[in-house]
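# Per-entry structural report
Below, each chain spelled out in residue letters.
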Amino acid sequence: MKREDFLSWEQFFMTVAKVCAMRSKDPSTQVGAILVNNLNQIISTGYNGFPRGVDDDKFPWSREGEWIDTKYPYVAHAELNAIVSARTNLTDCDVYVTLFPCNECTKIIIQAGIKKVFYLEDKYKDSNEVKASKKMLDAAQIEYKQINDFNVKVSIN
Ligand SMILES: Nc1ccn([C@H]2C[C@H](O)[C@@H](COP(=O)(O)O)O2)c(=O)n1
Ligand SMILES: [Zn+2]
């Protein structure tokens, strides 16, 4: 008899996105994103970090202070990194991301032709950035779905 407790596609892809987030060096929020095509193939992965050549030992990781002295001007978001790393057309791909996309990533998601956004956390839902994201996704008729029953535990020896 076949196993019944296998991971669903949604659980599997979100687990991979969570593992990608573990690559992030951001001390406060680690985000992972993956792109999946309509054959359930993973096309690309990304996590939040500084761009290539921007030394993450020299640039700031702080959240507070003068904007130029914080991480915000420098960090490349997980979704952006997944999209620019893809080596194929992204029309009709889905994105799995561990945190709801900001407005800047949402513009890129829309322009890339991505069909659906699966996300885990929405901790900045009251921010104008996320409100703007949802307005744009609604206008562009791109579905977004929160993975609610995510209770996958991964332990690798
Ligand atoms: N969808 C998102 C949202 C945020 N990020 C990145 C950008 C920062 O590295 C971090 C947020 O930092 P916080 O303000 O929570 O200290 O997460 C992303 O990659 N994708
Ligand atoms: Zn973003």
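The chain carries the name Deoxycytidylate deaminase in an unreviewed UniProt entry, which gives Mesoplasma coleopterae as its organism. Recorded under Cofactor (unreviewed entry), the UniProt text for the chain is reproduced unchanged: "Zn(2+)". The annotation that UniProt attaches to the chain under Sequence similarities (unreviewed entry) is "Belongs to the cytidine and deoxycytidylate deaminase family."

## Section: the packing of helix 3 (residues 103-111) against helix 4 (residues 128-139)
Close contact between helix 3 and helix 4 brings their axes to 8 Å; oriented N to C, the two are set at 20°. The angle between helix 3 and helix 4 places the two elements in the roughly parallel class. Every pair of crossing elements has a handedness; the one defined by helix 3 and helix 4 is right-handed. The segment helix 3 lies against helix 4, with Asn103, Thr106, Lys107 and Ile110 engaging Glu129, Ala132, Ser133, Met136 and Leu137. The residue makeup of the contact of helix 3 with helix 4, split by class, is four nonpolar, three polar and two charged.

## Notes on the coordination of the zinc ion (ligand 2)
Each protein donor to the zinc ion (ligand 2) is listed here as His77 (ND1), Cys102 (SG) and Cys105 (SG); together their distances run 2.0 to 2.2 Å. Taken in sequence order, the residues that donate to the zinc ion (ligand 2) follow the motif H-x24-C-x2-C. Take Cys102: its relative accessible area is 15%, and that puts it in the buried class.

Parameters and conventions
Residues numbered from 1 in each chain as written. Chains lettered and ligands numbered in written order. Predicted model: local features only at pLDDT ≥ 70, side-chain atom pairs only at ≥ 80, totals over all residues. Heavy atoms only, no water. UniProt positions renumbered as here; feature names shortened; annotations may be inferred. Axes fitted to C-alpha atoms, helices over the stretch in contact; angles between N-to-C directions. Helix = DSSP H or I, 4+ residues; strand = E, 2+ residues; numbered from the N terminus. Parallel < 35°, antiparallel > 145°, perpendicular 65-115°, else oblique. Left-handed = near helix turned anticlockwise from the far one by under 90°. Contact = heavy atoms within 4.5 Å. Nonpolar A, V, L, I, M, F, W, Y, C, P; charged D, E, K, R; others polar. Donors = N, O, S within 2.8 Å, 3.2 Å for Na, K, Ca; no water. Buried < 20%, exposed > 50% of the residue type's maximum accessible area, 1.4 Å probe, protein only.

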